[in-house]
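# A closer look at the structure
Residues per chain, in single letters:
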Amino acid sequence: MTLGIISNTRCKLHEMGDSHPEQPARLDAIEDQLADSGLEALVSRYKATRVTREQLLAAHDARYIELVYEVAPKEGMIWLDGDTAMNPHSLAAAEYAAGAAVMGVDLVMQGEVGQVFCPVRPPGHHAVKRGAMGFCIFSNVAIAAYHAINHWQLERVAIVDFDVHHGNGTEDIVSGDDRILLCSSFQHPFYPGTGADTNVPNIVNMPLPAGTDGATFRKVMKEQCLPRVQQFAPQLILISAGFDAHRADHLAMLNLVEEDYAWITRELVQLAALSAEGRIVSCLEGGYNLQALASSVEAHLRAMLDQD
Ligand SMILES: [Zn+2]
């Protein structure tokens, strides 16, 4: 079965200032890489639709959603937190980013595609139930997980987050919900500082010290994440695919390379085949060195396509 790529040009119009690392050029870098990769013939392209209010409400507090719609500027820029701004296009970008993740769930559940990748922004995994945080407005992956549960009646959804930052927003939303297993690897201590002392049955946090390389990353994943996912037997695997743990990404200090992203992707493809009929929906989170981001995304997609 084919790989679906779901995006929307509106995601490129969201801007938070020239010096902000979470910039539209990230999506251009990915698209340029895909154009040169020869993979285009193997993927199916879809245009994301907007997330609905009901889908947002499954993951976020109603008052926070109202706030985002109220403060979204018609001109200029406003800041939701110290790192997260909205320009006149940001609300639509956030609606389409979350909408892409929801559409991804629909496409894999309908059997139209085997796996999905959503190159979207803003990212989502720091957005908490009641607030924006760390470049994120809506929790794209948590919204997708609840869509799978509420609309498709799934009983077990696994989320694997290999972004270099702890998926604190996803954790805030799904903590204690045993229909969802969240596994998050992250540099620690580091932004946002959470995760190392979480003690909740459905959360598997894997704090990694600065300087951790691919060998240690794989060992920790093999020991702590992959067996838990297999035991959980998810009917769908969602990936918070951040590529900022790459050694060339200077926002953080881990030392992964493209082959490490290919490896974890292959492992998740195998687990998805065991219990989820292969269904994977992967959503872009971080990744700020444009070249490393683009080549890591290519490695991730090649692994899903079994073309590496
Ligand atoms: Zn990150």
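Above this text is the structure in question.
The paragraphs below set out a description of the structure included in this document. (Residues numbered from 1 in each chain as written. Predicted model: local features only at pLDDT ≥ 70, side-chain atom pairs only at ≥ 80, totals over all residues. Heavy atoms only, no water.)

## Details of the overall build of the protein chain
When helices and strands are tallied, the protein chain shows nine helices and ten strands. A globule of 308 residues ought to have a C-alpha radius of gyration of about 19 Å, and the protein chain, at 17 Å, matches this closely. Burial analysis of the protein chain (308 residues in total) assigns 61% to the buried set. Intrachain contacts of the protein chain at a sequence separation of at least 6 include 74% that bridge at least 24 residues. Counting every atom, the protein chain has about 11700 Å² of accessible surface; 49% of that belongs to carbon and sulfur. In the protein chain, the 22 positive side-chain charges and the 39 negative ones have mean positions that sit 3 Å from each other. (Helix = DSSP H or I, 4+ residues; strand = E, 2+ residues; numbered from the N terminus. Rg over C-alpha atoms; globule rule 2.2 N^0.38 Å. Buried < 20%, exposed > 50% of the residue type's maximum accessible area, 1.4 Å probe, protein only. Contact = heavy atoms within 4.5 Å. Areas by Shrake-Rupley, 256 points an atom, 1.4 Å probe, with all protein chains shown as cover. Lys, Arg positive; Asp, Glu negative; His and termini not counted. Charge placed at Lys NZ, Arg CZ, Asp CG, Glu CD.)

## Thoughts on the packing of aromatic side chains
If you walk through the whole model with that rule in mind, you get five aromatic pairs. With a centroid separation of 5.5 Å and 45° between ring planes, the pair formed by Phe-162 and Tyr-261 is classed as tilted. Pair noted here: Phe-162 is in the loop between strand 6 (157–161) and helix 6 (168–174) and Tyr-261 is in helix 8 (residues 258–275), with a separation of 99 residues, a long-range link. On the basis of an interplanar angle of 70° and a centroid distance of 4.9 Å, the ring pair of Phe-243 and Tyr-261 is categorised as edge-to-face. Of this pair, Phe-243 sits in the loop between strand 9 (236–241) and helix 8 while Tyr-261 sits in helix 8, and the two are 18 residues apart along the sequence. For the pair shown, Phe-243 and Tyr-261 are each scored as buried. (Phe/Tyr/Trp six-rings, centres within 6.5 Å; stacked < 30°, edge-to-face > 60°.)

## Quick word on the pairing of strand 9
Across the six residues that make up strand 9, a large majority, six, are buried. Here strand 9 shows a buried face lined by Leu-236, Leu-238 and Ser-240 and a second buried face lined by Ile-237, Ile-239 and Ala-241. Of the pairings in the sheet, the one linking strand 6 to strand 9 comprises five bridges and is parallel in character. Following the sheet pairing, Val-157 is matched in strand 9 by Leu-236. Running through helix 8, the crossover from strand 9 to the neighbouring parallel element strand 10 (residues 280–284) is right-handed. (Pairing = 2+ DSSP bridges. Right-handed = clockwise from strand over helix to strand, strands pointing away.)

## Side note on helix 7 (residues 214–232)
Taking 1.5 Å as the rise per residue, helix 7 with 19 residues should run 27 Å; its terminal C-alpha atoms sit 25 Å apart, in good agreement. Of the surrounding secondary structure, the elements contacted by the buried residues of helix 7 are strand 6, strand 7 (180–187), strand 8 (203–208), strand 9 and helix 8. Two residues or fewer after helix 7 comes Ala-233, characterised by a positive phi angle close to 50°. (Expected span 1.5 Å × (residues − 1).)

## Some remarks on the coordination of the zinc ion
At this site the zinc ion is bound by Asp-163 (OD), Asp-163 (OD), His-165 (ND1) and Asp-244 (OD), with donor distances of 2.0 to 2.7 Å. Here the zinc ion binds four donor atoms, and the angle range of 52 to 153° at the metal identifies the geometry as irregular. Motif for the zinc ion, donor spacing along one chain: D-x1-H-x78-D. You can see Asp-163 sitting in the loop between strand 6 and helix 6 and its partner Asp-244 sitting in the loop between strand 9 and helix 8, a full 81 residues away along the chain. Neither residue differs from the other here; Asp-163 and Asp-244 are each classed as buried. (Donors = N, O, S within 2.8 Å, 3.2 Å for Na, K, Ca; no water. Tetrahedral: all angles 85-135°; square planar, octahedral: opposite > 155°, others 65-115°.)

## A short note on the sheet that holds strand 6
Spatially, 2-1-5-10-9-6-7-8 is the arrangement adopted by the eight strands of the open sheet, whose pairing is parallel. Bordering the open sheet on either side are strand 2 (43–47) and strand 8, each of which pairs with just one other strand. Put simply, the sheet's adjacent strands are angled 15° from each other on average, direction ignored. Against the sheet, helix 5 (residues 140–150) touches strand 6, strand 7, strand 9 and strand 10, its axis set at about 170° to strand 9. (Axes fitted to C-alpha atoms, helices over the stretch in contact; angles between N-to-C directions.)

## Observations concerning the nonpolar core
Nonpolar side chains in soluble globular proteins generally cluster together in the buried interior. Ile-6, Phe-162, Val-229, Leu-236, Leu-238, Val-281 and Leu-301 are the most contacted members of the largest nonpolar core, which has 99 residues in total. Among the elements that line this core, the one with the most residues is helix 4 (residues 90–109), at 14 residues. (Core = buried A, V, L, I, M, F, W, Y, C linked by side-chain atoms within 4.5 Å.)

## What about the pattern of salt bridges?
Considering all chains together, one arrives at 15 salt bridges under this definition. The residue Glu-66 makes a salt bridge to Arg-53 at a minimum N-O spacing of 3.0 Å. On the criterion of sequence distance, the pair formed by Glu-66 in helix 3 (residues 62–71) and Arg-53 in helix 2 (residues 53–57) is long-range, its members being 13 residues apart. Members of the salt-bridge network, linked through shared partners, are Glu-22, Arg-26 and Arg-121. (Salt bridge = Lys/Arg side-chain N within 4 Å of Asp/Glu carboxyl O.)

## Let's talk about the packing of helix 4 against helix 5
At a closest axis distance of 8 Å, the pairing of helix 4 and helix 5 adopts a crossing angle of 40°. As helix 4 runs across helix 5, the sense of the crossing is right-handed. Across the interface between the two elements, Ala-94, Ala-97, Ala-98, Ala-101, Val-102, Val-105 and Asp-106 of helix 4 pack against Asn-140, Ile-143, Ala-144, His-147 and Ala-148 of helix 5. Of the residues assigned to the contact of helix 4 with helix 5, the class counts are nine nonpolar, two polar and one charged. (Left-handed = near helix turned anticlockwise from the far one by under 90°. Nonpolar A, V, L, I, M, F, W, Y, C, P; charged D, E, K, R; others polar.)

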